[in-house]
Amino acid sequence: MEQLTLKPISKVSGSVTLPGSKSLSNRILLLAALAEGTTEVHNLLDSDDIRHMLGALEQMGVDVTLNQDKTVATVKGCAGKLQTPQQPLFLGNAGTAYRPLTAVLAATQGVYELIGEPRMEERPIGHLVDAMQALGADIQYLKNPDYPPLRINGKSLSGGEVEIDGSISSQFLTALLMASPLFAGDTCIRIKGELVSKPYIDITVGVMAHFGVNVINDNYQTFSVKGGQTYQSPKRIMVEGDASSASYFIAAAAIAGGEVEINGVGKQSVQGDIDFAKVMEQVGAKIDWHDEKLVVRKGALRGVDIDANAIPDAAMTLATVALFADGPTAIRNIYNWRVKETDRLAAMATELRKIGAEVVEGHDFIEITPPSTIHLTDIDTYNDHRIAMCFSMVAVGGHEVIINDPGCTAKTFPTYFDVLASISV
Ligand SMILES: O=C(O)C1=C[C@@H](OP(=O)(O)O)[C@@H](O)[C@H](O)C1
Ligand SMILES: C=C(OP(=O)(O)O)C(=O)O
């Protein structure tokens, strides 16, 4: 196994430009593929999750041309007419590819098999399949009920009224929304249970609007979409920087100081994870907010007690910032950390304890009391990019740390450790 030893970092200073948002990149690619017209996508993320979406689209006959560094894609829309792939579509562990493709392909003529990495087979998808089946979709589980892999016999669906459980993942609603304009008739979606990760629905609705489809969102309880529509290419679209990736640099500047300019997200961001910057202000970071950049400086760091349901990805970064706060930090309402790249609640608790922190792991929360001394250890990353990136904060806090399998950041941020090194003193 590869290991990366991070030496103590005494200061971070300089400027970083964020890679494009994973959530925006995969939504935009899928809708550009389904649209009428050609779309030029700028600042596309180049990472494993996007590669899986691109690979699937290519297998279904979509013509996508990438520039040399793979950050500009020209997508020739197929106006909803995808080809049946010859092979199963391998989607890695990319939720933003697997879930939307499940719903869209169920409403598109053809036969599809959707497969993934072993962890994908442990990530539930039953709530989405239940809703699609209630609308008449033909989707079968190939191994275990409620989990990938899936076989889909795509066909014309008529829409109608449908309920979807939103309590485990917002990606199921995102998927259903993205498929809804393809149904022959109108669709009214009612949310069962408390909808989690709500800001991601705003991203979905925003991207659909760019492609000419209007969603009526009634207080995150019901959503209405007109049927019989074809997405329309906006011709050119820009992916903003990844707000979840920004969290590591915001945290690094807050812990180690110097001044870090983070380009690509700011006041104008459409991503919910931008609110991590507000949480870090509460923690003590000094942040200047610009339209599309943040400038972050160090402050005295306080422990906080937050409900992180709206920012599940960025909130992981707070768990390692907590090592350097003046008291305990609690991160609450994050049950679905357990069904992501790994059981993130268990994994974070285990690794933080190895560093020396006192940790309470609840069913849906984690409480972290900073250690009096930080232990030198190697961090297991569980094939979870965010665990690898979060624990680089130990080095930022002035302590050597070893990251096992650092290459797992390829899921969303292949160059993360180089970018961190570029601002480290
Ligand atoms: O829709 C999206 O782009 C995402 C939604 C979130 O998942 P959940 O809705 O499952 O919390 C988030 O964790 C994931 O990284 C990306
Ligand atoms: C949960 C994540 O990914 P996915 O899109 O696969 O759900 C993540 O990137 O933290």
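- As recorded in an unreviewed UniProt entry, the chain goes by 3-phosphoshikimate 1-carboxyvinyltransferase and comes from Pseudoalteromonas amylolytica.
- Word for word, the UniProt comment on the chain under Subcellular location (unreviewed entry) is "Cytoplasm".
- The UniProt entry for the chain carries the following text under Sequence similarities (unreviewed entry): "Belongs to the EPSP synthase family."

1. Topic: the site of ligand 2
- Taken together, 14 residues sit near ligand 2, with Lys 22, Gly 95, Arg 123, Arg 386 and Lys 411 positioned nearest.
- Lys 22 has a polar side-chain atom sitting 2.7 Å from an oxygen atom of ligand 2.
- For ligand 2, an oxygen atom lies 2.6 Å from a polar atom in the side chain of Arg 386.
- Contact with the protein chains hides 99% of the accessible area of ligand 2, taken as 300 Å² for the molecule alone.
- Every element with two or more residues in the shell around ligand 2 is listed here: α3 (95-106) and α11 (385-390).
- Grouping the amino acids of the shell around ligand 2 by side-chain chemistry returns one nonpolar, five polar and eight charged.
- When residues of the shell around ligand 2 are assigned to domains, at least three fall in each of domain 1 (3-18 + 241-423) and domain 2 (22-225).

2. Points about helix α6 (residues 199-210)
- Taking 1.5 Å of rise per residue, the twelve residues of α6 would be expected to cover 16 Å, and the 17 Å separating its terminal C-alpha atoms lies within 8% of that figure.
- Along α6, the residues that are buried comprise Pro 199, Tyr 200, Ile 201, Ile 203, Thr 204, Val 205, Val 207 and Met 208.
- Looking at the buried side of α6, the elements it contacts are α1 (22-34), α5 (171-179), β12 (215-218), β13 (222-225), α7 (243-256) and α9 (312-321).
- Just downstream of α6 lies Gly 212, where phi reads positive at about 85°.

3. Focus on the site of ligand 1
- Taken together, Lys 22, Ser 23, Arg 27, Thr 96, Ser 169, Ser 170, Gln 171, Ser 197, Tyr 200, Asp 313, Asn 336 and Lys 340 make up the full set of residues near ligand 1.
- Here an oxygen atom of ligand 1 and a side-chain polar atom of Lys 22 are 2.7 Å apart.
- Ser 169 places a side-chain nitrogen or oxygen 2.6 Å from an oxygen atom of ligand 1.
- When ligand 1 is considered free in solution it has 380 Å² of accessible area, and contact with the protein chains removes 95% of it.
- Broken down by element, the residue count for the shell around ligand 1 peaks at three residues, all from α1.
- Of the residues belonging to the shell around ligand 1, the class tally is one nonpolar, seven polar and four charged.

Scoring rules and cut-offs
- Residues numbered from 1 in each chain as written.
- Chains lettered and ligands numbered in written order.
- Predicted model: local features only at pLDDT ≥ 70, side-chain atom pairs only at ≥ 80, totals over all residues.
- Heavy atoms only, no water.
- UniProt positions renumbered as here; feature names shortened; annotations may be inferred.
- Near = heavy atom within 4 Å.
- Polar contact = N/O pair within 3.5 Å; in protein donor to acceptor, adjacent residues only side chain to side chain.
- Areas by Shrake-Rupley, 256 points an atom, 1.4 Å probe, with all protein chains shown as cover.
- Helix = DSSP H or I, 4+ residues; strand = E, 2+ residues; numbered from the N terminus.
- Nonpolar A, V, L, I, M, F, W, Y, C, P; charged D, E, K, R; others polar.
- Domains from an automatic or database assignment.
- Expected span 1.5 Å × (residues − 1).
- Buried < 20%, exposed > 50% of the residue type's maximum accessible area, 1.4 Å probe, protein only.
- Contact = heavy atoms within 4.5 Å.

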